[in-house]
Amino acid sequence: MEKNTEFVMKIEDMGTAGEGIGKHEGMTFFVKDALIGDVARVRVTKLKKTYGYARLMEILEPSPDRAEPPCAFHRQCGGCQIQALSYEKQLEFKQRKVEGNLRRIGGFSEIPMEPIAGMEYPFHYRNKAQFPIGTDADGHIIAGFYAGRTHRIIPNRDCALGVPQNRQILDIVIGYMERYHVTAYDEMSGQGLVRHVLIRYGFRTGELMVCLIVNGSRLSHEDVLVKELCVLPGMTSISLNSNREKNNVILGKETRLLWGQPYITDYIGDVKYQISPVSFYQVNPVQTEVMYKTALEYADLHGTETVWDLYCGIGTISLFLAQKAKQVYGVEIVAQAIEDARRNAALNGIENAEFFVGKAEEVLPEFYEKEDRAGRKAYADVIVVDPPRKGCDARLLETILAMAPKRVVYVSCDSATLARDLKVLCGGGYRLARVKVVDNFCQTVHTECVVLVVRAVE
Ligand code: SAH
C-alpha cells in the first residue's frame, strides 16, 4: 500500500477529534468526516507503520447516524467537526468520551454519570463571532472562517452556530470597505487594514457589539460606517481595536470607542455582566446557565459557607455562588478580568465576593500558609476550579488536599486533564460523587463537564 491508494472500508469507531476509524489489511486508518457505520471509498494521505490517514472520497453506504448538515462548508471549515452526525449521537459520543477518560486516565471504575445536558436547538447558540477579513483571488473582500488547521479564509457570512445579525453586520462592513476602498489585511505581507470583525450579542438583552480589528489606528469615513451600523436593532457598542503586530493574536491592546457604550450587558441567571470587546465570556449563554446551575447545586450552599473560586475569569461563577454563600474568593491570572469581576460584583450589589489577581497555584498556597491576625489559615468549605484545558497545577491540588474542603466542584473543558486531576484528589481522600456533561459546544467535539468530589475521610 502507498500514498494515494484507494480502497473501500467500513468505519467502526470514532476518535476523540471526531474522525472515523476503520481497519484495512491489518492497518488502522483515521478518516476525517467519516462516521461510524459509513461504508466509504477512501484515499490514503499518510502512512505510518501500523496506521495511516485517509481522505473520505465517496460514501457508498451512509451511516444511519448521519444528519443533514445545515452548513454547506462544514467539511472545509475548522469549526464544526461533527455537524454531519445526528445530535443524539453527538451527545452519546461526548458522554462516552468523558466516561472513557475518567476510566482510562483517572482509573475510576464506578463513575456516577448523570444524563448529559444537551440543547433543544443545537444551532445559532454562539453569542460571539470573530470573522477574519481577507481578499479573494479576484480582489473581492471576503469574510468567513479559517479552513481546518490553516489560515485560508472560506467565505461564509452565515455561520450555522452564530446569530443572524452576523450576516447583516458583515454585509454593511464589507459594502462600506468596497465603496471607500478600505483594504483587508493580508497575513503574509502584513499589508492592508481590516483584520477581523468581532461581533457579540447579548441573548437576554438583545444588545449588539461590533469591534473592527485593524492594522492601524483609524478608518477613512468612520462616520459613514457608524451611521450604517448604529441603526441595526440592539446596536449598543461600536469600536475599533488596533493590532499592528504580525502574529496570530486577534485583539491588540488599544480599543477606541466609535459609538455608544464600551460594553454590552447580558445576564446569566439573575446575575448581570458587562462585557467589553476584550473580556472573556462564555460563548453559549444558554448552556452556561445550565453549567453554573449544576456547579451551584453540587456546591450545596446554605449561606454559611466560605468558597474559593479558582480560575474565576470575570467572576461569572463566583457571583453565581455568592448569591448562596457567606463569602466567595475568586482568583484569576488576568488583571483586566479581575477588574471586570469587581465591576460586575458592584453592578449586582454583591458585597460578599472578593477577587485576587495571580496564579491560582501561587495565590491559594500563600493564603493558606500565612495566618491572619486571629491565627487562622485560609479556609474553605467548598472549592470550585474551572481551569483552562491544561488543567490544575500540581501545587494547587496539593493545597486543596491540605485545606480539606468538604466539597470540590471541578468545571472542566478537557476531560483528559480533568481525569488526571481527579485521580490526585481521589487518591488524597476524596470520593467521586457526581459527573455531568454539559454540551456547550454543539456540532464540535468539545464539551464542558461539571464534577463533584466529596471528602471521604474526616
Ligand atoms: N470561570 C470563568 C473562566 C474560566 S476560563 C468562566 O466560567 O467564565 C479559565 C480562566 O483561567 C481564564 O480566565 C484564564 O485567564 C485563567 N487562568 C489560566 N491560568 C491560570 C492560573 N494559573 N491561575 C489563575 N487563573 C488562570
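Refer to the structure printed above.
Residues numbered from 1 in each chain as written. Predicted model: local features only at pLDDT ≥ 70, side-chain atom pairs only at ≥ 80, totals over all residues. Heavy atoms only, no water.

## Details of the site of the ligand
Every one of the 17 residues lining the ligand counts as a neighbour, but Y292, T316, E332, A360 and D386 are closest to it. At a separation of 3.1 Å, a nitrogen atom of the ligand approaches a polar side-chain atom of E361. Within the contact set of the ligand, a nitrogen atom lies 2.8 Å away from a side-chain nitrogen or oxygen of D386. Look at the ligand: alone it shows 570 Å² of surface, and the protein chains cover 88% of it. For the shell around the ligand, the class distribution of residues is nine nonpolar, four polar and four charged. (Near = heavy atom within 4 Å. Polar contact = N/O pair within 3.5 Å; in protein donor to acceptor, adjacent residues only side chain to side chain. Areas by Shrake-Rupley, 256 points an atom, 1.4 Å probe, with all protein chains shown as cover. Nonpolar A, V, L, I, M, F, W, Y, C, P; charged D, E, K, R; others polar.)

## Things to note about the layout of surface pockets
There is about 830 Å³ of room inside the second largest pocket. With four residues, strand β6 (residues 51-61) is the largest single contributor of residues to the lining of the second largest pocket. (1 Å grid on protein atoms, 1.4 Å probe; cavity = no way out; pocket = protein on both sides within 12 Å on 5 of 7 lines; lining within 4 Å. Points joined across faces, edges and corners; volume = space filled by probe spheres on them. Helix = DSSP H or I, 4+ residues; strand = E, 2+ residues; numbered from the N terminus.)

## Quick look at the nonpolar core
Among the nonpolar cores identified, the biggest contains 49 residues, and I169, M177, V194, V197, L212, L219 and L229 are the most heavily contacted of them. Residue assignment for this core shows that the elements contributing at least two residues are α1 (87-104), β7 (128-135), β8 (141-146), α2 (165-179), β10 (194-201), β11 (208-214), α3 (222-229) and β12 (235-242). When residues no more than four places from it in sequence are discounted, the contact partners of V197 are A129, Q130, F131, I133, I169, L170, V173, V210, C211 and L212. Counting 41 residues, the second-largest nonpolar core is a separate cluster that includes Y281, A299, F320 and V328. (Core = buried A, V, L, I, M, F, W, Y, C linked by side-chain atoms within 4.5 Å. Buried < 20%, exposed > 50% of the residue type's maximum accessible area, 1.4 Å probe, protein only. Contact = heavy atoms within 4.5 Å.)

## A closer look at the side chain of Q83
Locating Q83 in the fold gives a position in the loop between β6 and α1. Among the polar contacts made by the side chain of Q83, one reaches the main-chain amide nitrogen of C71 at a distance of 3.0 Å. Here Q83 is in contact with P69, P70, C71, H74, Q90, F123, A160 and Q443, once residues within four sequence places are set aside.

Read these as layout, nothing more, since geometry by itself doesn't imply function.
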